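Here is what each chain is made of, one letter per residue.
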Amino acid sequence: MSKNCEECINEVSCVELLPNGKTRVKINNALACMYQCTLPEGNISEILDELEQTVRQAASSKGFPAPDANAFSNVRGAWFEIILAACAWEFARQQRSRLDLGIVKMPNMRVFDFTKLLIPETQQLLKDLETSLLSQNEPVRLVTSNPDLLFIVGRGFASDERFEKPINNLSVENITHLMNSYIHLEGKCRYDSILAGLGLKTSLRPDRRLQLVHEGNILKSVFNHLRLRYWNPHHAFSYFGATTATIGPADLEALETAATHSILQVTSIPERAVDMLFSLKTTSDITEVMLPSLLETALERFEQ
């Protein structure tokens, strides 16, 4: 159920009026307004609808214009990412009696390049690759993107209080902790400690689903390059996609696209750019279906 501003315990509103007269949604504050004491549970679309209604009511109560449809499209995507990241954080904590696992929310590439998580030696290998590509007659760049979540093993998460902190509600403090956790891993991860990546989409229109294919393809190429440089035939990086949309036959067909590095030699075993795609309708789909299945699949490939 949406809340009125009078019921909100946050000191700062979930909306503000910009100098251009438009209303900006303050993403974290809106989540904290409704989930200061608990994590969201239930139908994801309904949760997002209630958050949107809360924001609309807040804008109306302050005499601000309603945020436009494009703003809400972006904001709903950000809310979905935070909700899923919180569920994944707690799932990782629950696994640590058997597996030293961390699931880390990554920011946009403009904020932080995921390759900075790698140890300096490995970062240098990728810089050498970039230099080599740029030295060609027709310069080529290695343009990567960040997965929304990275699954990392073997970094001592169970003994690190920063990663053992429970995220049992979406207070502004907890959201900030969740979204900034990657900072603590900068320069500390071996390439073969990175188990998998996950890309999130609230829509599967053709351009969006092909973004998943592109991201999975380039990430797998990067990790395959590192596997060759370290002469480690056993490491396998997995990439998955998740969406709140219904998955149709055209989506499944598009996501069967081969990872380019796996079809370059006759001795290679072809693999998909996107290993699996999950449709998430409820928070239970995240915690009881996707995360266990994703982890099992990634570990099977990782340990081959």
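Look a little higher up for the structure.
**Concerning the packing of helix 2 (residues 44–61) against helix 3 (residues 69–95)**
Reasoning step 1: Two elements in contact, helix 2 and helix 3, have axes whose closest approach is 10 Å; the angle formed by their N-to-C orientations is 125 degrees. On the basis of the axis angle, helix 2 is oblique to helix 3. In the crossing of helix 2 with helix 3, the sense of the turn from one axis to the other is right-handed. Facing helix 2, whose interface residues are Ile44, Ser45, Ile47, Leu48, Asp49, Leu51, Glu52, Val55 and Arg56, helix 3 presents Phe72, Arg76, Trp79, Phe80 and Ile83.
Reasoning step 2: In terms of residue class, the contact of helix 2 with helix 3 is made up of nine nonpolar, one polar and four charged.

**Concerning helix 9 (residues 283–302)**
Reasoning step 1: Helix length check: helix 9, at 20 residues, gives a terminal C-alpha distance of 27 Å against a target of 28 Å (1.5 Å per residue), a fit within 8%.
Reasoning step 2: At methionine 290, helix 9 shows its largest bend, some 35 degrees, and a proline, proline 292, comes one to four positions later.

**Considerations on the nonpolar core**
Side chains of a nonpolar character, in soluble globular proteins, are inclined to be buried together.
Reasoning step 1: Among the nonpolar cores identified, the biggest contains 88 residues, and Trp79, Phe151 and Leu198 are the most heavily contacted of them.
Reasoning step 2: If sequence neighbours within four positions are ignored, tryptophan 79 has contacts with Val25, Ile27, Ala30, Leu31, Leu48, Leu51, Glu52, Val55 and Phe72.

**Re the packing of helix 3 against helix 9**
Reasoning step 1: The interhelical angle for the contact between helix 3 and helix 9, taken along N-to-C directions, is 55 degrees, at an axis separation of 10 Å. When the axes of helix 3 and helix 9 are compared, the pair comes out oblique. Where helix 3 crosses over helix 9, the handedness of that crossing is right-handed. Residues Ile83, Leu84, Cys87, Ala88, Phe91 and Gln95 of helix 3 pack against Thr283, Ile286, Thr287, Met290, Leu291, Pro292 and Leu295 of helix 9.
Reasoning step 2: Looking at the contact of helix 3 with helix 9 residue by residue, the class counts come to ten nonpolar, three polar and no charged.

Basis of the calculations
- Note that residues are indexed from 1 along each chain, following the sequence as it is written.
- Only residues with pLDDT of at least 70 get local features here, since the model is predicted, and only at 80 or more are side-chain atom pairs given and counted; chain-wide, interface and lining totals rely on the full set of residues.
- Only hydrogens and water are set aside; all other atoms, that is, all heavy atoms of the structure, feed into the side-chain values.
- Whenever a helix is involved, its axis is fitted only over the stretch in contact; in every case the axis is a line through C-alpha atoms, and angles between N-to-C directions fall within 0 to 180 degrees.
- Secondary structure is summarised from DSSP: a helix means a run of H or I of at least four residues, a strand means a run of E of at least two, and numbering begins at the N terminus for each.
- Any angle that falls under 35 degrees is termed roughly parallel, while one over 145 is termed roughly antiparallel, one within 65 to 115 roughly perpendicular, and all others oblique.
- Each helix crossing is assigned a hand: it is left-handed if the near helix lies turned anticlockwise from the far helix by less than a right angle, otherwise right-handed if that turn is clockwise.
- Here, residues are in contact when the closest pair of their heavy atoms is within 4.5 Å.
- The nonpolar class holds Ala, Val, Leu, Ile, Met, Phe, Trp, Tyr, Cys and Pro. Asp, Glu, Lys and Arg form the charged class, and all remaining residues, Gly among them, are polar.
- Expected span of a helix: the number of residues minus one, times 1.5 Å.
- Bend angle per residue: angle between axes fitted to the 7 residues ending at that residue and the 7 residues starting there.
- The definition of a nonpolar core used throughout is a set of buried Ala, Val, Leu, Ile, Met, Phe, Trp, Tyr and Cys residues joined through side-chain atoms within 4.5 Å.
- Burial classes follow relative accessibility: with a 1.4 Å probe on protein chains only, a residue under 20% of its type's maximum area counts as buried, one over 50% as exposed, and anything between as partly exposed.

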